[in-house]
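For reference, the chains in residue letters:
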Amino acid sequence: MALNIKPLSDRVLIEPVAAETKTASGIFIPDTAKEKPQKGTVVAVGNGTKEHTMTVKVGDSVLYGKYAGTELKLEGKDYLIMREDDILAII
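Residues numbered from 1 in each chain as written. Predicted model: local features only at pLDDT ≥ 70, side-chain atom pairs only at ≥ 80, totals over all residues. Heavy atoms only, no water.

Draft legend 1. Summary view of the overall build of the chain. Helix and strand content of the chain: zero helices and six strands. Order of helices (α) and strands (β) in the chain, N terminus to C terminus: β-β-β-β-β-β. Along the longest, intermediate and shortest principal axes, the C-alpha atoms of the chain span 50 × 25 × 20 Å. Sequence-distant contacts in the chain: of pairs separated by 6 or more residues, those separated by 24 or more amount to 63%. If you sum the accessible surface of the chain, you get close to 6300 Å²; carbon and sulfur atoms cover 53% of it. A distance of 2 Å separates the average location of the 12 positive side-chain charges in the chain from that of its 13 negative side-chain charges. (Helix = DSSP H or I, 4+ residues; strand = E, 2+ residues; numbered from the N terminus. Contact = heavy atoms within 4.5 Å. Areas by Shrake-Rupley, 256 points an atom, 1.4 Å probe, with all protein chains shown as cover. Lys, Arg positive; Asp, Glu negative; His and termini not counted. Charge placed at Lys NZ, Arg CZ, Asp CG, Glu CD.)

What follows is the structure, given as structure tokens:
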């Protein structure tokens, strides 16, 4: 199911990866102790600007800053919209 949203200029729409619920040793993490995910998948990309061409494309897995972007809720799912400059790396 495709989203009916197109980010403007150099913005990117990202679907965050779900936070880990269990540690490697098998201990379950309560909701209050979970950290905000810093990894996600690019869902939509803007056209860029005259000075800035877009590097990321739809489907890329990316790392971003812990407090980067604006949280959105579309069609029951959580998303982040942020400038491409807020993305730290493509995985």
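Draft legend 2. Broad picture of the pairing of strand β3 (residues 61-64). Burial along β3 is one-sided: Val62 and Tyr64 are buried, and none of Ser61 and Leu63, which face the opposite way, are. Both strand β2 (residues 39-45) and β3 contribute to a ladder of three bridges, which runs antiparallel. For threonine 41, the partnering residue across the bridge sits in β3 and is serine 61. Pairing geometry for β3 and strand β6 (residues 87-90), over three bridges, is antiparallel. Paired with leucine 63 across the bridge in β6 is alanine 89. (Buried < 20%, exposed > 50% of the residue type's maximum accessible area, 1.4 Å probe, protein only. Pairing = 2+ DSSP bridges.)

Draft legend 3. Representation of the pairing of strand β4 (residues 70-74). Where β4 meets strand β5 (residues 77-83), five bridges bridge the pair, whose relative direction is antiparallel. Bridge pairing links threonine 70 to isoleucine 81 in β5. The antiparallel hairpin formed by β4 and β5 contains two residues in its connecting segment, where glutamate 75 sits at a positive phi of about 50°.

Draft legend 4. Spatial organisation of the nonpolar core. Membership of the largest hydrophobic core is limited to eleven residues, which are Val12, Ile14, Val42, Val45, Val56, Val62, Tyr64, Ala68, Leu80, Met82 and Ile87. For this core, the secondary structure elements donating two or more residues are β1 (11-16), β2, β3 and β5. (Core = buried A, V, L, I, M, F, W, Y, C linked by side-chain atoms within 4.5 Å.)

Draft legend 5. Local environment of the confidence of the model for the chain. With 97% of its residues at a pLDDT of at least 70, the chain reaches an overall mean of 87. At the low end of the mean pLDDT range in the chain sits β4, at 90; at the high end sits β3, at 95. (pLDDT = per-residue confidence, 0-100.)

Draft legend 6. Representation of the sheet that holds β1 in the model. The strand order across the open sheet formed by six strands is β4-β5-β1-β2-β3-β6, and the pairing between neighbours is antiparallel. At either margin of the open sheet sits one strand with a lone partner, and together these are β4 and β6. Each strand of the sheet is rotated relative to its neighbour by a mean of 45°, with strand direction disregarded. (Axes fitted to C-alpha atoms, helices over the stretch in contact; angles between N-to-C directions.)

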